[in-house]
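Each chain, written out:
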Number of protein chains: 2
Amino acid sequence: MSVQKPSIPRGTRDFGPAVVARRNYIFGVIRRVFEKFGYAPLETPTLENLSVLTGKYGDEGDQLLFKVLNSGDFAKDVTADDLGADNRSKRLLPKVAEKGLRYDLTVPFARYVVMNRGTLTFPFKRYQIQPVWRADRPQRGRYREFYQCDADVVGTDSLLCEAEIVLMMSEVLTTLGLTDHTIKINHRRVLGAFYQALGGEGTETDLFVAIDKLDKIGREGVEKELAERNFSATAIERLFDLLGVEGSFEEKLERLLAGFVTAGVAPDNATADGYKGLQDLKRVLDYLRGFGFEKWDNLEFDVTLARGLSYYTGCIFEIKINNVNMGSVSGGGRYDNLTGAFGLPGVSGVGFSFGVDRLYDCLEELQLFPEAVATTTRCLLTNFDADSETAVLPVLRALREAGVASELFPEAGKLGKQFKYADAKGIPYVLIQGPEERAAGLFKLKTLASGEERTVSLADVLAELAQ
Amino acid sequence: MSVQKPSIPRGTRDFGPAVVARRNYIFGVIRRVFEKFGYAPLETPTLENLSVLTGKYGDEGDQLLFKVLNSGDFAKDVTADDLGADNRSKRLLPKVAEKGLRYDLTVPFARYVVMNRGTLTFPFKRYQIQPVWRADRPQRGRYREFYQCDADVVGTDSLLCEAEIVLMMSEVLTTLGLTDHTIKINHRRVLGAFYQALGGEGTETDLFVAIDKLDKIGREGVEKELAERNFSATAIERLFDLLGVEGSFEEKLERLLAGFVTAGVAPDNATADGYKGLQDLKRVLDYLRGFGFEKWDNLEFDVTLARGLSYYTGCIFEIKINNVNMGSVSGGGRYDNLTGAFGLPGVSGVGFSFGVDRLYDCLEELQLFPEAVATTTRCLLTNFDADSETAVLPVLRALREAGVASELFPEAGKLGKQFKYADAKGIPYVLIQGPEERAAGLFKLKTLASGEERTVSLADVLAELAQ
């Protein structure tokens, strides 16, 4: 037999009903918060031109782009010459593929802003909840197709936006029940001031990359790495003095400023990097106070936060769920040249992103999904025989008109099978009308979780099941 | 300058905030109806193995599949020999691509059912709202990426499902305000009986294809086509007698049965094709009566409905919006062997699908989108200066806590610019607190549509804006 056993590509997933419902719950919470803060939805195509995508994510990113074969006779321009050389895939690529799958939501957003700059009103606040694709090696918790939930505002450098990002992060996590979290905030210019304070040894990139690894390789590891990259012992010592600054958000701001002054990199001068960074953070703090923000224990000025090699230029953010062993569930920051690659320089923006898969895993591990999320059908009407089937049709209609998701088992037959169906589908209520109940115009309503069964009228059923 | 002007691939679209909101409104109506009828959500990956997709949509479908290049050194197995022959793309394809983009929601659903048959409880009712991709030539109203909204139930042949499809179609259209619609229903076996009544001339496929064109080419065109395909004048005459049957749903059932008896293809015998088809339709009619269905004027037993060459075997459906010049916005039917290609024969199912782009165009043409759908932000707080900005932060918080999507213009400055922003974004209310109002603890609330401006307290604002 040539019948195949079907499968799905590695790193992709089917989401069955229960999982979709839980994922939609998370999306719904995020979406409502984004909208409450004035962010409006944007959706961009799955397919983007490779000319838009290539070169935006570094060499590694280019490798991880999924490329789509041109339609029709895609190989018509390929010649034997193309196959002779090394690196034939690189030579063939531009001849056979001009489109790729969306790799993140940021580059398509920038592309959209540039293409629509004439009609958009700035500041432009958009959110975007869509899947992205990366040809990464699949492993536990890393998929080739996964959703991102981004919110960005471009066209203003007001630090109100940064403060509201903290509020949005806080509200999403609190609403989801993830109360034991830390929202970390830092500023790229503070890191820049560190570099200046070290005397400009090595390169700034090496410094950021090393700091970024502090969590993983510890102080000794970072010291070793910096030494190998030509940072002096004095510089490294000074770095850890600065990184070790302690106290409340405000105390850290003050102590770092003093440290910068000592290091000669932050005279009381608004153009100095470190001073500007600290001033920005102070302003964010003031906004949060103005909002009456209360969750100060969940907000940390983390001077070791670096966010890798990304394109951020101002405040940077990251969220850690403390009672789950898991990487950050959200991150973001301010950037100054998002649209430059598409010919529109000088557009400042700030944004952040939630990773839904990680949030999902946190909620599952902490058992935080509300029970009501798990199912769609609320009531199953049993099907005794042709007569009973006909008799309950108006009941089924009444339940649905009352907004109660309901179904009638489509075939008459053994009740055991029908209860098993309700159980497997997580349907909480089963409504039974046998010949006796029908004669009396009543029903048996069974609550599956408790096994409780009561004889009730249609009005009772509607009152109990309508939510 | 090497800066490129960005673009998106032909046949794809960006959806800006207003359009996303309107599309989500349609998706929401459809989703709520599906769920109310006990259908649970399923999501399958964008990428499917080409082994799953290929051969399921006919030769033309295989051509229209978007194929994704293998990651890494995709061309490593390509040889010069592959380029020598004609049809090199066909020879290269299996060497460079093993995945493709989802082409519809039906085949992935069948694949999912087969892969999970051990754990699924049948009947399995699922809905699926996801985009699909087809490398079709883009033209007005035809896109390369578009959404389908499918609901299917497999594992039962109960005609309750068909009746509920009519109810769901009716409820979705009525909820959207598309009241001037016709839900057409027919049965493949009725068409089969036509073929038998014609004496088995030509082929069944030729007959269905010709009938399917009746709308476009008219009776004469169909007659000509059938004659060319070896149907006799007598047979064609008999066909149009049957196609011409008139009356109510029930009258048509009776008259067709009489016609089949005359033609000798429907003795009162449940195994005869035509009789079975008419019996099924009668049962659907009885279910609808049992439900108290009232919209009989919107339901038509259309004996000319053929649904092309599709895999349907029982009832078939199609919806036409009568007051808009547009093809069908929904269609579906029963099939008997959806999962056969994946090694699971004999699974009967029935399903249907809404085309969101066409529904969108209908709603737009008839101006049926509710106004409230168009925007997300409900209230803009103006930003006078640093003091006023700080003063309204608690107000902004109070609005959001009351569930009112609100934003503060992020920069102090000219009110004109801020009003323009509200206007462009479709924000209905602007809340102003200048120094005078602040001193009095009051606000000016301006309704942009009417231009009306009132002095109000925070409590007034909350009462008016909370929904």
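Reference entry: report on the structure contained in this document. (Residues numbered from 1 in each chain as written. Chains lettered and ligands numbered in written order. Predicted model: local features only at pLDDT ≥ 70, side-chain atom pairs only at ≥ 80, totals over all residues. Heavy atoms only, no water.)

For the rest of this paragraph, the subject is the nonpolar core. Judged by nonpolar contacts, the single largest core of 270 residues is most densely connected at Phe194(A) and Phe194(B). Both domains that meet at this core, namely domain 1 (181-322) and domain 2 (375-465) of chain B, each give it at least three residues. Those residues in contact with Phe194(B) that sit more than four places away from it in its chain are Leu207(B), Ile211(B), Leu239(B), Leu242(B), Leu243(B), Leu256(B), Phe260(B) and Val303(B). With twelve residues, the next largest nonpolar core counts Val68(A), Ala135(A), Val68(B) and Trp133(B) among its residues. (Core = buried A, V, L, I, M, F, W, Y, C linked by side-chain atoms within 4.5 Å. Buried < 20%, exposed > 50% of the residue type's maximum accessible area, 1.4 Å probe, protein only. Domains from an automatic or database assignment. Contact = heavy atoms within 4.5 Å.)

We now examine the interface of chain B and chain A. Facing 105 residues of chain B, the contacting portion of chain A comprises 106 residues. At the boundary of chain B with chain A, total buried surface from both sides reaches about 8800 Å², with 59% on carbon and sulfur atoms. Of the charged contacts in the structure, one is a salt bridge between Glu389(B) and Arg283(A), with a shortest N-O distance of 3.1 Å. Remark: the boundary between chain B and chain A carries 43 residue pairs in polar contact (both at pLDDT 80 or more). Its residues assigned to classes, the side of chain B that touches chain A comprises 53 nonpolar, 26 polar and 26 charged. (Buried area = accessible area lost by both parts, 1.4 Å probe. Salt bridge = Lys/Arg side-chain N within 4 Å of Asp/Glu carboxyl O. Polar contact = N/O pair within 3.5 Å; in protein donor to acceptor, adjacent residues only side chain to side chain. Nonpolar A, V, L, I, M, F, W, Y, C, P; charged D, E, K, R; others polar.)

Here chain B sits on chain A after a turn of 180° about the axis and a move of 0.0 Å along it, with an RMSD of 0.0 Å. Put plainly, the chains are arranged around a two-fold axis. Across chain B, the smallest distance between a C-alpha and the rotation axis is recorded for Val68(B), namely 2.2 Å. A shared binding surface is used by both copies, with 100% of the interface residues of chain B retained as interface residues in chain A. (Least-squares fit on C-alpha atoms with pLDDT ≥ 70 in both.)

With that settled, the discussion passes to the pattern of salt bridges. In total, this model carries 62 salt bridges over all chains according to the counting rule given. Measuring nitrogen to oxygen at the nearest pair gives 3.6 Å for the salt bridge that ties Arg142(B) to Asp136(B). We note a salt bridge from Lys282(B) to Asp286(B), for which the minimum N-O separation is 3.3 Å. With a gap of four residues between them, Lys282(B) and Asp286(B) both fall in helix α13 (residues 273-290), about one helical turn apart. Using a relative accessible area of 28% as the deciding quantity, one classes Asp286(B) as partly exposed. By sharing partners, the salt bridges in this structure join Lys125(A), Glu164(A), Arg400(B), Glu407(B) and Lys425(B) into a single network. (Helix = DSSP H or I, 4+ residues; strand = E, 2+ residues; numbered from the N terminus.)

We now examine unusual backbone geometry. Where the residue is not glycine, phi is negative for most of them; where a peptide bond is considered, it is trans in most cases. Along the chain, Phe122(A) connects to Pro123(A) via a cis peptide bond; the corresponding omega equals -5°. Its place among the elements puts Pro123(A) in the loop between α6 (106-115) and β5 (124-133). Located in the positive-phi region is Asn230(A), a residue other than glycine, with phi close to 75°. Using a relative accessible area of 63% as the deciding quantity, one classes Asn230(A) as exposed. Even without being a glycine, Gln367(B) presents a positive backbone phi close to 55°. Considering the arrangement of structural elements, one finds Gln367(B) in the loop between α14 (356-365) and β12 (379-381).

All names here are of chain A. The buried fraction of helix α8 (residues 188-197) is high, at eight of ten residues. Taken as a whole, α8 has its buried residues at Arg188, Val190, Leu191, Gly192, Ala193, Phe194, Tyr195 and Ala197. Tucked inside the fold, the buried residues of α8 contact β7 (181-187), α9 (204-212), α11 (233-243), α12 (249-262), α13 (273-290) and β9 (312-321). Gly199 lies just past α8 and shows a positive phi near 90°.

Quick look at the sheet that holds strand β13 (residues 406-408) of chain B now. Residues and elements named next belong to chain B. Sheet architecture is open: five strands sit in the order β13-β12-β14-β15-β16, paired in mixed fashion. The open sheet has two free edges, formed respectively by β13 and β16 (453-456), since each of these has just one partner strand. Within the sheet, the average angular offset between the axes of one strand and its neighbour, ignoring direction, is 25°. Bridging between β12 and strand β14 (residues 429-432) involves three bridges; their strand directions are parallel. Across the sheet, the residue bridging to Leu380 is Val430, located in β14. (Pairing = 2+ DSSP bridges. Axes fitted to C-alpha atoms, helices over the stretch in contact; angles between N-to-C directions.)

Next up on the list: the side chain of Glu43(B). One can find Glu43(B) in the loop between β1 (40-41) and β2 (47-49). Buried within the structure, Glu43(B) lacks any salt-bridge partner; Arg23(A) is the closest side chain of opposite charge, at an N-O distance of 4.8 Å. The residues touching Glu43(B), leaving out its near neighbours within four places in the chain, are Arg13(A), Asp14(A), Phe15(A), Val20(A), Asn24(A), Tyr147(A), Gln128(B) and Gln130(B). (Lys, Arg positive; Asp, Glu negative; His and termini not counted.)

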